[in-house]
Amino acid sequence: MVMRSLSRYRKSGLHRTSTVRPAGLKWLVGMAFMLITAVPQAATTTDAELRCGAQFQDTAKVALCLEQAIAEAEALLSQAQSQLLHSLRQAQPRFRQLQDMALSMIESALAQADRAWRNFKDSQCRFYEELHTAIGEPKLEQLSCQLRAVQARAEELRKDADFWTAKFPVEN
């Protein structure tokens, strides 16, 4: 009797567990990434945003102030990218996996990542601009989003550079 029940159970197909398909997994990872990256941008106010808002009452002047802060953040981002490349160049002779890669491949990969990140940032900030069209100043929200994103990316690259520098210190 137990054998018949077991046989029917197997024939029914109920014993099979469903697996996550790669496309479903990609969607889930993508949604998790969007949620993780969207929440900090929406919830965090930078010092520059506070300074610009306190310094100017005119929306146009606040926008100009934010654009200047974005330009400063872009300069810091460029500096962080250079710092990361420098750290990778220093680590390359001592890290076996990096020895096999040409520096041009590393630079190319970083440039490709930068382009992808900028596309994401622009799309994310357009979303915030559209979201705030009905409830506030969409241009200011879009600029604030860009500022926060550039500052966060620069910090991320600085931490990456610090990691490589700490893991593979320059030998004298």
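Residues numbered from 1 in each chain as written. Predicted model: local features only at pLDDT ≥ 70, side-chain atom pairs only at ≥ 80, totals over all residues. Heavy atoms only, no water.

Participant: Explain the nonpolar core here, please?
Facilitator: Soluble globular proteins tend to bury their nonpolar side chains together. By size, the foremost hydrophobic cluster in this structure holds 28 residues, and its most contacted members are Leu66, Leu77, Leu84, Leu147, Leu157 and Trp164. Going through the elements one at a time, α3 (47-55), α4 (59-91), α6 (103-131) and α7 (138-167) are the ones with two or more residues in this core. In terms of residue count, α4 provides more of this core than any other element does, 13 residues in total. Leave out the neighbours within four places in its chain, and Leu84 touches Leu110, Leu157, Asp160, Ala161 and Trp164. (Core = buried A, V, L, I, M, F, W, Y, C linked by side-chain atoms within 4.5 Å. Buried < 20%, exposed > 50% of the residue type's maximum accessible area, 1.4 Å probe, protein only. Helix = DSSP H or I, 4+ residues; strand = E, 2+ residues; numbered from the N terminus. Contact = heavy atoms within 4.5 Å.)

Participant: Explanation requested: the state of the cysteines in the structure shown.
Facilitator: By definition, a disulfide is the covalent link that joins the sulfur atoms of two cysteine residues. For the structure on display, the rule yields 2 disulfides. The disulfide bridge from Cys52 ends at Cys65, spanning 2.0 Å between sulfur atoms. With the S-S dihedral at roughly -75 degrees, the linkage between Cys52 and Cys65 falls on the left-handed side. Of this pair, Cys52 sits in helix α3 while Cys65 sits in helix α4, and the two are 13 residues apart along the sequence. By relative accessible area, which is 0% here, Cys52 ends up buried. Take Cys65: its relative accessible area is 9%, and that puts it in the buried class. Covalent S-S linkage joins Cys125 and Cys145, the inter-sulfur distance amounting to 2.2 Å. Taking the sign of the torsion about the S-S bond as the criterion, the disulfide between Cys125 and Cys145, at about -80 degrees, is left-handed. In this pair, Cys125 sits in helix α6 while Cys145 sits in helix α7, placing the two residues 20 residues apart along the sequence. (Disulfide = S-S within 2.5 Å.)

Participant: When you look at the packing of aromatic side chains in this model, what are you seeing that I'm missing?
Facilitator: Enumeration according to the criterion identifies 2 aromatic pairs in this entry. Consider the rings of Phe127 and Tyr128, whose centres lie 5.3 Å apart with planes at 65 degrees: the pair is edge-to-face. On the accessibility criterion, Phe127 (46% relative accessible area) is partly exposed. Between Phe163 and Trp164 the ring centres are 5.2 Å apart and the planes differ by 80 degrees, which places this aromatic pair in the edge-to-face class. The class for Trp164 is buried, based on a relative accessible area of 17%. (Phe/Tyr/Trp six-rings, centres within 6.5 Å; stacked < 30°, edge-to-face > 60°.)

Participant: What am I meant to see in α6 here?
Facilitator: Three- or four-residue spacings in an α-helix give side chains the same orientation, since the helix completes a turn every 3.6 residues. With 29 residues, α6 extends 42 Å from end C-alpha to end C-alpha; this agrees with the ideal 42 Å at 1.5 Å per step. Three or more residues of α6 are buried, namely Ile106, Leu110, Asp114, Trp117, Lys121, Gln124, Cys125 and Tyr128. (Expected span 1.5 Å × (residues − 1).)

Participant: Quick question: what am I supposed to make of the packing of α4 against α7 here?
Facilitator: Each pair of packed helices can be described by the angle between their axes along with the distance between the axes. Look at α4 against α7: their axes get within 8 Å of each other, and the N-to-C directions meet at 20 degrees. It follows from the interaxial angle that α4 and α7 lie roughly parallel. Judged by the sense of rotation from one axis to the other, the crossing of α4 with α7 is left-handed. Taken together, the residues that form the contact of α4 with α7 break down as 20 nonpolar, 8 polar and 7 charged. (Axes fitted to C-alpha atoms, helices over the stretch in contact; angles between N-to-C directions. Parallel < 35°, antiparallel > 145°, perpendicular 65-115°, else oblique. Left-handed = near helix turned anticlockwise from the far one by under 90°. Nonpolar A, V, L, I, M, F, W, Y, C, P; charged D, E, K, R; others polar.)

Participant: Honestly, the packing of α4 against α6 in this entry has me stumped. Any pointers?
Facilitator: The geometry of α4 relative to α6 is characterised by a closest axis approach of 11 Å and an angle of 150 degrees between their N-to-C directions. The pairing of α4 with α6 is recorded here as roughly antiparallel in orientation. When you trace α4 past α6, the crossing you get is right-handed. In this structure, α4 contributes Glu74, Leu77, Gln81, Leu84, Leu85, Leu88 and Arg89 to the contact, and α6 contributes Leu103, Ile106, Glu107, Leu110, Asp114, Trp117, Arg118 and Lys121. Broken down by class, the residue content of the contact of α4 with α6 amounts to 8 nonpolar, 1 polar and 6 charged.

Such coordinate-based values are descriptive only and should not be taken to indicate function.
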